[in-house]
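# Examining the three-dimensional arrangement
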Amino acid sequence: MASVPSRQAPIVMVIDFHHARGPEIELCFGEDGTDPAAENDWSLLPFMALSDGAHMSTEEFSYFTLRRKETATEPATSLFGISCARQIDSNLLLYRPSDVTRSTVQKAVVVITDSPRSLGQLREKLSIVTSAWFAQRDFSDIDILKKFRESLVINLNKDETSKDQNLGLSLREMIHEFKYQTLVLFKALLLQPKMLFFGSRCERLCMIQFSLVSLIPGLINYLQDCADPKFESYTKTVEKPTTLKTSDRSSLLAYMGLPLQIFGKGSMFGPYTPLQQLDLLADDGTKSYVVGSTNSILLQQKDRYSDILINLDEDTINITSPSLRNALALSVADRRWIDLLTQIINDTWDEAHPEQPKTHGYIGSEEFIRLQFEEYLLALLSCMKYHMELNSFNAGDPGRRSREQLEAFNIEGDPALEFNAEFLAQWQNTSNYALFKRLTSDALLYSIVEPRHPCAGGLTMDDVQRRLSQQVADLHLDERVRESREALNRHISTGQRKVTTAFNNFWADIETMREAQRKRNEEKAPQSQRSSIDKGTSPPFSPSDTASVHSTSGSSWFGGRKAPSVDIAQAQASVSAAGQRAGAYLNSWSTWASEKRREWQDKNKTPSSPSSVTSPSTPTLAGTAEQSDPPERGRRSMQASRSEDSITLSRSGSRRKRWSNIFLRRDSGEYGSPNRKDDGDGSEFDTANPRSQLSNEVPVHDDLSQPAEEPSKEVEALAEAQVSGGTTENHTNTTTTTEALAEQPKPSVKPQITIDEKDTIAEEPASTECRNQTEAHSTAEQAPHS
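I will try to describe carefully the structure that is included in this document. (Residues numbered from 1 in each chain as written. Predicted model: local features only at pLDDT ≥ 70, side-chain atom pairs only at ≥ 80, totals over all residues. Heavy atoms only, no water.)

## Things to note about the nonpolar core
Counting residues in each nonpolar core, the largest one holds 101 residues, and the members touching the most others are L190, L260 and W427. Element by element, the count of residues in this core is highest for helix α15 (residues 366-394), at twelve residues. Setting aside residues up to four positions removed in sequence, L260 forms contacts with L190, I216, L219, L377, L381, W427, N432 and F436. In terms of nonpolar packing, the next biggest core, distinct from the first, is built from 16 residues, L45, L50, A85 and V110 among them. (Core = buried A, V, L, I, M, F, W, Y, C linked by side-chain atoms within 4.5 Å. Buried < 20%, exposed > 50% of the residue type's maximum accessible area, 1.4 Å probe, protein only. Helix = DSSP H or I, 4+ residues; strand = E, 2+ residues; numbered from the N terminus. Contact = heavy atoms within 4.5 Å.)

This is how it looks when you write it as structure tokens:
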């Protein structure tokens, strides 16, 4: 057993990140009158304390190793440092030095000790002190740091050196994340390759390395040679154990050759290694190491600086060497052993407290895991010792035991082959195996610990089932199916909502259109009802009926509307009569126009006739007596066809015909003075031969200077009345003298002719005197025709 060196007092330092010079040592609290940084050439300490990417976190921890040079009283050894880096806004400082030019101030408080066993306790204390110092917002006040260093010196002598204080990440978390690859890393540590750990979080990066180192029993207490590949004090000072006390665990482990010295000559351990130490890693004297880095540059040069790359951000292990890959392949017994341990961890896993099993029992705890790895390592050492005896016997070495001596141990075959023969072959070439062989040269380890793999045996059905279940669990099918099922349910529910919303909107639009259509129908219904009443021949509604219609139109049209009292037979008869009258009117108009055209032609041929005297500018219409026989027969035939329906129309038309003749003869100059005034209405004739109303409304074909216009309703009514009157009246007494006609007084009230919507011509009532005068004129006008 190697001697335990004397303890060194802790050192407290402050590392500041200068904007121009980079990280540098600002303060150092050690023994009075000493400067350990200058004495030991710790120029890379600031880069180790402030890790790459530390500025991205509010608080970040870094673990590293330092070399302490040989002194007159102490040999060269390794020291262990832990730093807590924080940053603060420079505007929040109560006193801002002139050299602070950046927006933030970044500093780290470092504690350097001679053993990594106390780093777990220092981590909690350092975090509290650093937070309190930054909370002062005045870095010139360093009293809290001085008191912190004094407390560390007082507690140094109280620490128990024999007690194992395992520092590192929880082994439960490590196995839960890496599963069977945890055993791969453990066996790789024994082969001493170049192991490079990479991760963006510096504290987790360092902790997992300490966890892996702590799996070798007792190694955490003997790391005095890990800081420099040149150190080999443990190999020189360790002594071969000569006695064994089986009741003492430390004695048993020492007799078995533990701890295996992984970090000796040509090897180093750097939990966090900055880029400034790459030259040391690439040196020819550095054969193996376990280092960590947060800089991704090493990922690009992984083939140069690593044999095994462990990427903690992706939880992957990359083995570059094919021979090393074959040696680290797990045997059937190895895989069975780690799968059983992983199953125990998973069965007792607690998300809220991953560091302890949910059963709060011993199975699955940290001590249980360490004991399982210790049992595995002791079985490996025992099997390896028996394997060496078998090989020496087969080689014929006379100094070794005979076959009878070996058979006395009742060991079947070579149990070391359960650990992978390729692994055993490469392990025999390492420095830690050479030290183990020297320390256990005469020890019968297989007589103390059974040389048998903890899970020895061939491949069984249980192994296959366990392997398949583990592979299925690694695929996370349940999580994927659950996620897919949840995504599918979300899509289905979303689709249902969309379809329901679209259908509801569509139905609401239809209902809106129906409501608008119903309102329009209700608004149009009273109008259509009034229109049908106005156009019908039945008597209009009484006031009571109208009131009832308006009272019910505001509610339901079909439910509350009162049916109009209209005689359907009478309405049909009225429509038929109106159609016949309209046809008779059009026929009489055409007949009358042809007769007048023929009269004009006759008068132009006989200018000596009194009736042919016309005005130079106004054509004169001839009388109806000079018409030819065919038109007269046509009129009589038409008069016979509508004699049943037009009695009233014939009577009124006779009167209009007589008035029309009077106006025509007046225009033609047959009456007296053109400037004669009528007493009835006060109208005057200013011209000698003014145009009549008919001549103004209906232009003749001889006068091409005036634009043709459609005859007004009054002219059409007069023409119909004249035609009708001419066909029904007796034409024998149509001649009268101009003097007798002039002596007749003009009626005081002019006949007013109105045409309603049903094409019925109605004459406004006139006075009895006017009617008598009209009949007298008609008699005088019809006399010459006889």
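## A word on the sheet that holds strand β2 (residues 22-29)
One open sheet accounts for five strands, arranged β2-β1-β5-β4-β3; its pairing is antiparallel. Each end of this open sheet is capped by a strand with a single partner; those strands are β2 and β3 (59-68). Neighbour to neighbour, the strand axes of the sheet diverge by 25 degrees on average, direction disregarded. Where β3 lies against strand β4 (residues 77-89), ten bridges are found, and the strand directions are antiparallel. Residue L66 lies in a different strand from β4, and its bridge partner there is L79. Against the sheet, helix α3 (residues 119-135) touches β1 (11-18), β3, β4 and β5 (104-113), its axis set at about 30 degrees to β4. Against the sheet, helix α4 (residues 143-156) engages β1, β2 and β5, with an angle of about 145 degrees to β1. (Pairing = 2+ DSSP bridges. Axes fitted to C-alpha atoms, helices over the stretch in contact; angles between N-to-C directions.)

## Brief notes about the pattern of salt bridges
In this structure the tally under the stated criterion is 18 salt bridges. Across the pair E24 and R21 runs a salt bridge whose closest N-O atoms are separated by 3.0 Å. E24 sits in the partly exposed class, given a relative accessible area of 23%. The partner of R518 in a salt bridge is E515, and the shortest N-O contact between them spans 2.4 Å. Here the residue R518 and the residue E515 both occupy positions in helix α21 (residues 477-535), the gap between them amounting to three residues, near one helical turn. (Salt bridge = Lys/Arg side-chain N within 4 Å of Asp/Glu carboxyl O.)

## Some thoughts on the packing of helix α5 (residues 171-178) against helix α6 (residues 181-191)
As a packed pair, α5 and α6 sit with axes 7 Å apart at the nearest point and diverge in direction by 110 degrees. Viewed along their axes, α5 and α6 adopt a mutual orientation that is roughly perpendicular. Of the residues in α6, those touching α5 at M174, I175 and F178 are Q181, T182 and L185. (Parallel < 35°, antiparallel > 145°, perpendicular 65-115°, else oblique.)

## Focus on the sheet that holds strand β8 (residues 288-293)
Read across the sheet, five strands follow the order β7-β8-β6-β9-β10 without closing on themselves; strand pairing throughout is mixed. Strand pairing shows two members of the sheet lacking a second neighbour, β7 (267-270) and β10 (316-319), which therefore form its edges. Each neighbouring strand pair of the sheet contributes to a mean axis angle of 15 degrees, computed without reference to strand direction. Here strand β6 (residues 194-198) runs beside strand β9 (residues 308-311); their pairing, made up of four bridges, is parallel. Among the inter-strand pairings, M195 is bridged to a residue of β9, identified as I308. α6 contacts β6, β8, β9 and β10 of the sheet and is inclined by roughly 135 degrees relative to β6.

## Notes on helix α18 (residues 431-439)
Because an α-helix packs 3.6 residues into every turn, residues spaced three or four apart end up facing the same way. Turning to α18, its buried residues are N432, Y433, L435, F436 and L439. Taken end-on, α18 shows its buried residues confined to a sector of 160 degrees, consistent with a single buried face. (Arc of directions from axis to C-beta.)

## Considerations on the environment of D307
The residue D307 is located in the loop between α12 (302-305) and β9 in this model. The spatial distance from the C-alpha of D307 to the C-alpha of S321 is 6.3 Å, given a sequence separation of 14 residues. With near-sequence residues (within four places) excluded, D307 lies in contact with P193, K194, N318, I319, T320, S321 and L324.

## Quick notes on the packing of aromatic side chains
In the structure shown here, the tally under the stated rule is 18 aromatic pairs. Plain terms: the ring middles of W133 and F139 are 4.9 Å apart, the flat faces sit at 65 degrees to each other, and that makes the pair edge-to-face. With a centroid separation of 5.2 Å and 90 degrees between ring planes, the pair formed by W337 and F373 is classed as edge-to-face. Here F373 lies in helix α15 and W337 lies in helix α14 (residues 332-347), a separation of 36 residues in the sequence. In this structure, W337 and F373 share a single accessibility class: buried. Feature note: the residues F186, W337, F373, Y376 and F419 constitute an aromatic cluster, connected by ring pairs. Between K107 and the ring centre of F139, over which it is positioned, the NZ or CZ distance is 5.1 Å. The lysine or arginine in question, R123, covers the ring of F61, its NZ or CZ lying 4.1 Å from the ring centre. (Phe/Tyr/Trp six-rings, centres within 6.5 Å; stacked < 30°, edge-to-face > 60°. Lys NZ or Arg CZ within 6 Å of the ring centre and 35° of its normal.)

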